[in-house]
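# Architecture and fold: a report
Next come the chains, spelled out residue by residue.
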Amino acid sequence: MNDPYPAICDYEGSDYQASFWERGGRAYEDGAEALALRRLLPTSGGRLLEIGAGAGRNTSRYSGFAEVTLLDYSRSQLEQARRRLGDGPRYRYVVADVYRMPFGPGVFAAATMIRTLHHMQDPAAALQRVRQTLSDEGIFILEFANKRNLKAIARWLLRRQSWNPFDPAPVEFAQLNYDFHPKAVAGWLGESLFHVERRLPVSHLRLTWLKRHVPLGLLLGVERVLQHLGRAWLYTPSVFVRARAVGSGQSQQTGFWRCPACDSLEMEETQDGVNCRQCGRHWPKRDGIYEFRPGVGSG
């Protein structure tokens with residue numbers, strides 16, 4: 001955990017969008033997350049950063065924002081997003097990792113990180129980097145996999161799992177897949193200069209039998225009510241947080257880009273990419289996608 005650039009979960013070449021979301025019976029989860037976003041995200045704004053954008057499943061839900069930057073470590077995922085959303089002034093596609101995001105301080109008014117934190121080996125460092133990209137009073141919508149969910153509690157009480165769901169330490173249930181305790185996440189957000197404004201329990205009815213036998217509209221109707229009533233009931237497998245950036249005086253006084261190699265803000269954008277004036281690194285732009293992944297840039 002002392003490594004400033006921990007291991008990265010890479011979805012390059014994955015058919016995750018098709019196999020998990022489109023053919024995997026996840027319409028309920030997708031709808032539940034859409035409900036949470038509508039409750040928590042401002043209806044309009046300037047620039048929004050979507051961290052872990054993948055194939056752009058949620059991007060159309062940010063229609064009130066003037067500009068959306070999709071960031072993912074996988075180029076192939078962003079290629080799918082670009083085919084889905086198209087080119088144009090509203091969308092920017094960026095290959096990079098959250099620990100070395102190539103953005104200047106305070107350039108975004110809002111950010112989202114959905115189904116992404118659970119891949120973070122060092123979540124505290126990731127959240128600190130997110131805060132750097134947000135202007136003061138910027139809104140951050142975070143989703144995390146909740147360690148303290150009812151299924152985990154039942155399994156632990158029945159001695160069918162070894163880890164304690166009430167222990168605030170993260171649990172790695174598969175390689176680079178973590179569940180987090182709500183108190184731990186709240187602590188990391190506070191340390192990163194975020195003020196938590198609201199928390200929502202999400203996916204109350206994530207049971208295979210229910211999804212197979214109960215109509216989707218009815219499931220989402222019940223989900224809508226439970227999200228509204230259960231603000232203090234954080235025992236669902238997924239939790240959404242709305243946090244506000246506070247306290248550090250971040251405002252955009254420089255350009256949009258930051259060099260992930262040397263951390264310089266002396267950047268120049270050209271037709272074929274972005275150049276760092278300090279270290280001489282060239283970060284390419286190919287087929288509408290900026291690439292800041294280690295080993296890609298030249299200098």
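Everything here concerns the structure above.
Please read these numbers as outputs of a predicted model, since none were measured by experiment.

This part covers the overall build of the protein chain. On a plain count of helices and strands, the protein chain comes out with eight helices and 13 strands. Scaling as 2.2 N^0.38, a compact globule of 299 residues should have a C-alpha radius of gyration of about 19 Å, and the protein chain matches this with 19 Å. Considered along the principal axes of its C-alpha atoms, the protein chain spans approximately 60 × 40 × 35 Å. Relative to its 299 residues, the protein chain shows a buried fraction of 52%. Long-range pairs, those at least 24 residues apart, make up 67% of the contacts in the protein chain between residues at least 6 apart in sequence. A total accessible area of about 13,500 Å² is found for the protein chain, and carbon and sulfur atoms account for 50% of it. In the protein chain, 39 positive and 31 negative side-chain charges are present, and the distance between their average locations comes to 8 Å.

Let's shift gears to the pattern of salt bridges. Enumeration over the complete set of coordinates arrives at 24 salt bridges. Across the pair Asp15 and Arg23 runs a salt bridge whose closest N-O atoms are separated by 3.6 Å. On the accessibility criterion, Arg23 (60% relative accessible area) is exposed. Across the pair Glu137 and Arg244 runs a salt bridge whose closest N-O atoms are separated by 3.6 Å.

Let us now look at the sheet that holds strand β8 (residues 194-202). Ordered by their spatial adjacency, eleven strands build an open sheet running β8-β9-β5-β4-β1-β2-β3-β13-β12-β11-β10, and the pairing between neighbours is mixed. Every interior strand has two partners, whereas the edge strands, β8 and β10 (267-270), have only one. Each strand axis lies, on average, 20 degrees off the axis of its neighbour in the sheet, ignoring direction. Alignment of strand β2 (residues 65-72) against strand β3 (residues 91-95), held across five bridges, turns out to be parallel. Residue pairing in the sheet places Val68 in a bridge with Tyr91 of β3. Along the sheet, helix α2 (residues 27-40) makes contact with β5 (134-145), β8 and β9 (238-245), crossing β8 at roughly 145 degrees.

Where two aromatic rings form a pair, the distance of their centres and the angle of their planes describe that pair. In this structure the tally under the stated criterion is 16 aromatic pairs. Between the aromatic rings of Tyr11 and Tyr16, the centroid separation amounts to 5.1 Å while the plane-to-plane angle is 75 degrees, which identifies the pairing as edge-to-face. Since its relative accessible area comes to 24%, Tyr11 is described here as partly exposed. Note on Tyr16: relative accessible area 22%, which makes it partly exposed. Considering the side-chain rings of Phe256 and Trp257, the 4.8 Å spacing of their centres and the 85 degrees angle between planes classify their relative orientation as edge-to-face.

This part covers the environment of Glu137. With respect to the secondary-structure elements, Glu137 resides in strand β5. Since its relative accessible area comes to 45%, Glu137 is described here as partly exposed. Separated by 127 residues in sequence, Glu137 and Ser264 place their C-alpha atoms 25 Å apart. When sequence neighbours within four positions are dropped, the list of residues in contact with Glu137 reads Arg244 and Ala245.

A few words on the nonpolar core. Formed by 45 residues in total, the largest nonpolar core has its most connected members in Val98, Phe103, Val130, Phe140, Leu142, Trp257 and Phe292. Among the elements of the structure, β1 (45-51), β4 (108-113), α4 (123-133), β5, α6 (182-191), β9 and β11 (273-276) are those that each provide at least two residues to this core. Ignoring sequence-local partners within four residues, the contact set of Trp257 consists of Arg92, Val94, Pro102, Phe103, Gly104, Leu265, Met267, Glu269, Val274, Tyr290 and Phe292. Formed by 32 residues, the second largest nonpolar core is a distinct cluster that contains Leu78, Tyr91, Val95 and Ala110.

Moving on to α2. If you check α2, its first and last C-alpha atoms are 20 Å apart, about what 14 residues at 1.5 Å a residue would give, namely 20 Å. Those residues of α2 lying buried are Tyr28, Glu29, Asp30, Gly31, Ala32, Glu33, Ala34, Leu35, Ala36, Leu37 and Leu40. In this structure, the buried residues of α2 make contact with α1 (16-22), β5, β8, α7 (208-213), α8 (216-229) and β9.

Relative orientation of the contacting elements α2 and α8 amounts to 40 degrees, with a least axis distance of 10 Å. In this structure, α2 meets α8 at a crossing whose hand is right-handed. Where α2 approaches α8, its residues Ala27, Tyr28, Gly31, Ala32, Leu35, Ala36 and Arg39 are matched on the opposing element by Leu216, Leu219, Leu220, Glu223, Arg224, Gln227 and His228. Looking at side-chain class alone, the contact of α2 with α8 contains eight nonpolar, three polar and three charged residues.

One non-glycine residue with positive phi stands out, namely Arg159, at about 60 degrees. With respect to the element layout, Arg159 can be found in the loop between α5 (150-157) and β6 (171-174). When its relative accessible area of 78% is taken as the criterion, Arg159 is described as exposed. Look at Asp263: it is not a glycine, yet its phi comes out positive at around 70 degrees. Along the polypeptide, Asp263 turns up in the loop between β9 and β10.

Definitions and cut-offs
Residues numbered from 1 in each chain as written. Predicted model: local features only at pLDDT ≥ 70, side-chain atom pairs only at ≥ 80, totals over all residues. Heavy atoms only, no water. Helix = DSSP H or I, 4+ residues; strand = E, 2+ residues; numbered from the N terminus. Rg over C-alpha atoms; globule rule 2.2 N^0.38 Å. Buried < 20%, exposed > 50% of the residue type's maximum accessible area, 1.4 Å probe, protein only. Contact = heavy atoms within 4.5 Å. Areas by Shrake-Rupley, 256 points an atom, 1.4 Å probe, with all protein chains shown as cover. Lys, Arg positive; Asp, Glu negative; His and termini not counted. Charge placed at Lys NZ, Arg CZ, Asp CG, Glu CD. Salt bridge = Lys/Arg side-chain N within 4 Å of Asp/Glu carboxyl O. Pairing = 2+ DSSP bridges. Axes fitted to C-alpha atoms, helices over the stretch in contact; angles between N-to-C directions. Phe/Tyr/Trp six-rings, centres within 6.5 Å; stacked < 30°, edge-to-face > 60°. Core = buried A, V, L, I, M, F, W, Y, C linked by side-chain atoms within 4.5 Å. Expected span 1.5 Å × (residues − 1). Left-handed = near helix turned anticlockwise from the far one by under 90°. Nonpolar A, V, L, I, M, F, W, Y, C, P; charged D, E, K, R; others polar.

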